[in-house]
Structures are given as structure tokens and as C-alpha cells.
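Fold and geometry: a report
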Amino acid sequence: MTIATKAFGEIDVDERQILEFPEGLIGFQKFKRYALLDAPQKPYFYLQSTDLPELAFILVDPFLFRADYAVDVNDELSAALGLKSPEDALILCLVTVPPEGGAVTANLMGPLVIGKASRLGAQAPQADPRWKTKHDIMAELAAARA
Amino acid sequence: MLILTRKLNEKVVIGDGIVISVVELRGDQVKLGIEAPRSVKVFRQEVYEAIQEENRRAAGSAMELPGLQLPS
């Protein structure tokens, strides 16, 4: 199928790239269908709304810079996303690239949990006070190597 | 807004199946117990609002991404 995207204009996507967020993202509840696309720079992804071309998020695998990250997924969410084991889930976090410049940050307080097989997703707020909305990706990567 | 006064261990029932109890009072903190059907999402307001605010900022991100050198 062809979709209009914020980053690439019109592109063809495979059905397998389409994800459904039945409850949307927090603050964006109206938008439930997205395509997961590779961004031009690894290891980032774009989460592109299939309904609104100008709505796209940048995603990153949080474990790349926080090996100690952990996401608490309750039974109800596991069932809703068709997760039987932790390996069935893809965990990605939203990235903020401030247009005015400044640190690129990832939101570890509200990760996206996606069922690899069901291709259903949800934003799952985390109660652990270690996880904030703004983790400086470069700084934490540097700290992990130090 | 409906305002109710409750004592320790007293409860408030909301609709069908939501019960809020006052579990502990200590100084300026109150600990609440919330029983609700699993379909009802319960968040601390500041967590929900922080994520909503950051989602809005994320949606307004520049699409150009900085390179990231990852350990192999």
C-alpha cells in the first residue's frame, strides 16, 4: 500500500510494517494506525501515522543506551497485545529532537510495547521513578561506556 | 466537583466496580487504594501529563537525526 509520510513523501509500505495502536498514543488517541519505517540514520525508526502525513514520531531501541532498562507490562496488556513471553514484545521509545537544537532525548517513562506477531501496540506508562521522559541518549551512551 | 470527606479506611464507590479507599495518612501524604476493572486505566496525573507533553514535543521533532555511534 502507498502512504504519505512526513519524512519521505509518498512511499510504498508492506502490510507487515503496519501497526495498530487500539488506544492510540497518549495525547494522540485519535490516531491508531501507523507504519514502522527505518529512518535514514540507524538505529532510529519512524512511526508514521497512515492517516495524517504530518504526524510521525522518531523511535529508538532504549536497550542500546540503557542496558538496565526494564518495562513492566501487566497481564491485561500482555493479553491485549498477544504476548506470551517477553521475546514476543518489541520495546521502542519515542525520541525528541528539539527543532531549536539541544540534546536528543528518549522518553523511557512512556515506552511503546508492540506485539511482534499481532502487530498491536500500546504506550505503557512506567511507575519506576528511574525512567524519565527525557533521557539524553548521547550522554547515557557515553556513561555506559565509561 | 464533588468533594467528600473521608477518614482512614473509609471508601468511595464510583459507578460499577470502582472503589477508592484511604489506606494511610501520614503528614501531607495520603495513600489511596484503587480497585477498578482492568479496562479502566489508572495513572498518577503527573505521569500521564508528562508523557502527553513529551509526546507532543516528540511529534514536533526535527526529522533530521544525529548519528549515533553504538558499541558493536
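Below is a summary of the structure that appears in this document. (Residues numbered from 1 in each chain as written. Chains lettered and ligands numbered in written order. Predicted model: local features only at pLDDT ≥ 70, side-chain atom pairs only at ≥ 80, totals over all residues. Heavy atoms only, no water.)

Remarks on the pattern of salt bridges
Any two side chains of opposite charge can pair, given that their charged atoms come close. Let me state the cut-off plainly: A pairing counts as a salt bridge when a side-chain nitrogen of Lys or Arg comes within 4 Å of a carboxyl oxygen of Asp or Glu. With a 1.4 Å probe rolled over the protein chains alone, any residue whose accessible area is under 20% of its type maximum counts as buried; one over 50% counts as exposed, and the rest are partly exposed.
Under the defined criterion, the tally for this structure stands at eleven salt bridges over all chains. Salt-bridge contacts for aspartate 128 of chain A lead to arginine 130 of chain A; the nearest nitrogen and oxygen are separated by 3.1 Å. Here glutamate 10 of chain B makes a salt bridge to arginine 6 of chain B, at a shortest N to O gap of 3.2 Å. The partly exposed category is assigned to glutamate 10 of chain B, whose relative accessible area is 27%. The class of arginine 6 of chain B is partly exposed, set by a relative accessible area of 39%.

Here we look at helix α2 (residues 137-145) of chain A
All names here are of chain A. Keep this limit in mind: Numbering of helices and strands runs from the N terminus, with a helix taken as a DSSP run of H or I at least four residues long and a strand as a DSSP run of E at least two residues long. The arc in question is the one spanned by the directions pointing from the helix axis to the C-beta atoms. Contacts are assigned to residue pairs that have any heavy atoms within 4.5 Å of one another. In the analysis that follows, any N or O atom pair within 3.5 Å is treated as a polar contact, provided that within protein one partner can donate a hydrogen and the other can accept it, and provided that, for residues neighboring in sequence, both atoms belong to side chains.
Every buried residue belonging to α2 is among Ile137, Glu140 and Leu141, and all of these are buried. Looking straight down α2, one finds that the buried residues subtend no more than 100 degrees of arc, so they occupy a single side. Residues of α2 that are buried sit in contact with β6 (56-60), β7 (89-96), β8 (105-115) and β10 (135-136). Here α2 starts with a cap whose side-chain oxygen sits 3.2 Å from the backbone nitrogen of methionine 138, and that cap is aspartate 136.

Let's talk about the interface of chain A and chain B
The parts lose accessible area when they come together, and the size of an interface is often stated as this lost area. Note the cut-off: Summed over both partners, buried area is the accessible surface (1.4 Å probe) that two parts give up on being assembled. Amino acids are sorted into nonpolar (Ala, Val, Leu, Ile, Met, Phe, Trp, Tyr, Cys and Pro), charged (Asp, Glu, Lys and Arg) and polar (every other residue, Gly among them).
Listed as interface residues are 40 residues of chain A and, on the opposing side, 28 residues of chain B. With both sides pooled, the region where chain A packs onto chain B buries about 3,100 Å², and carbon together with sulfur makes up 64% of that total. Among the residues of chain A in contact with chain B, Ile26, Glu76 and Thr96 of chain A are the three that bury the most area, contributing 17% of the side total. The interface formed by chain A and chain B holds three salt bridges in total. The partner of glutamate 23 of chain A in a salt bridge is lysine 41 of chain B, with the nearest N and O atoms 3.8 Å apart. Summed over the shared surface of chain A and chain B, the result is nine residue pairs in polar contact (both at pLDDT 80 or more). Residues that form the side of chain A that touches chain B fall into these classes: 25 nonpolar, nine polar and six charged.

Some points on the packing of aromatic side chains
Given two aromatic rings, one states the distance between the centres and the angle between the planes to describe the pair. All names here are of chain A. The condition that has to hold: For Phe, Tyr and Trp, where Trp contributes only its six-membered ring, two rings pair if their centres lie within 6.5 Å, and the inter-plane angle classes them as stacked under 30 degrees, edge-to-face over 60, or tilted in between.
This model, assessed by the stated rule, comprises seven aromatic pairs over all chains. Relative to phenylalanine 57, the ring of tyrosine 34 lies with its centre 6.4 Å away and its plane at 55 degrees, an arrangement referred to as tilted. Of the two residues, tyrosine 34 is situated in strand β4 (residues 33-38) and phenylalanine 57 in strand β6; the sequence distance between them amounts to 23 residues. The same class applies to tyrosine 34 as to phenylalanine 57, namely buried. Pairwise contacts between aromatic rings join Phe21, Phe28, Tyr34 and Phe57 into one cluster.

So, the pairing of β6 of chain A
Residues and elements named next belong to chain A. Selection rule: Here the rule is simple: two strands pair whenever DSSP picks up at least two bridges between them.
Among the five residues in β6, five count as buried, and that is most of the element. Side-chain alternation along β6 places Ala56, Ile58 and Val60 on one buried face and Phe57 and Leu59 on a second face that is also buried. Bridge analysis of β6 against β7 gives three bridges, and the strand direction is antiparallel. Of the residues in β7, the one forming a bridge with valine 60 is cysteine 93.

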